[in-house]
Amino acid sequence: MNKFNFQCCFCNEGIAENKVDPIDISIIFNEDMLLKTGATQDFWAHFYCLQEKLHPYMKGYLIRTDKENEH
Ligand SMILES: [Zn+2]
């Protein structure tokens, strides 16, 4: 039985569940509300991996900053 139910879209490793992981990254593709042409897609990731990929300026917008959440 697989210990991990989620796989990180940045590092391709399994994600053990904890206080903040896994995180869900939802993408909405150029949605037109009137024509209902939008599509969505979800990715799973480690909080730490997302934090590392973000531009330093954007990291300040992350709500969670748990230092203990490093893998
Ligand atoms: Zn990762």
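In case you missed it, the structure is sitting above this.
Residues numbered from 1 in each chain as written. Predicted model: local features only at pLDDT ≥ 70, side-chain atom pairs only at ≥ 80, totals over all residues.

Looking at the environment of Val20
Filter applied, for reference: Strands here mean DSSP runs of E at least two residues long; helices mean DSSP runs of H or I at least four residues long; both are numbered from the N terminus.
On the secondary structure map, Val20 appears in the loop between strand S2 (14-15) and strand S3 (23-29). As a C-alpha pair, Val20 and Phe47 span 27 residues in sequence and 6.8 Å in three-dimensional space.

Structural notes on unusual backbone geometry
Cis rather than trans, the peptide bond between Asp21 and Pro22 has omega equal to -5 degrees. Following the sequence through the fold, Pro22 ends up in the loop between S2 and S3. Even without a glycine there, the phi angle at Asn12 is positive, about 70 degrees. Along the chain, Asn12 falls in the loop between strand S1 (6-7) and S2.

Structural notes on the nonpolar core
One recurring pattern in soluble globular proteins: nonpolar side chains tend to sit buried together. This is how it is decided: To count as a nonpolar core, a set of buried Ala, Val, Leu, Ile, Met, Phe, Trp, Tyr and Cys residues must be joined through C-beta atoms within 7 Å. A residue is called partly exposed when the number of other C-beta atoms within 10 Å of its own lies between 12 and 20, exposed at 12 or fewer, and buried at 20 or more, with C-beta atoms placed from the backbone. This entry defines residue contacts through backbone-placed C-beta atoms, with two residues in contact when those atoms are within 7 Å.
Judged by nonpolar contacts, Cys8, Ile15, Ile23, Ala45 and Phe47 together constitute the single largest core of 5 residues. With near-sequence residues (within four places) excluded, Ala45 lies in contact with Cys8, Cys9, Phe10, Pro22, Ile23, Ile25 and Leu50.

Notes on the environment of Glu31
One can find Glu31 in the loop between S3 and strand S4 (39-45). Residues in contact with Glu31, not counting those within four places in the same chain, are Thr37 and Gly38.

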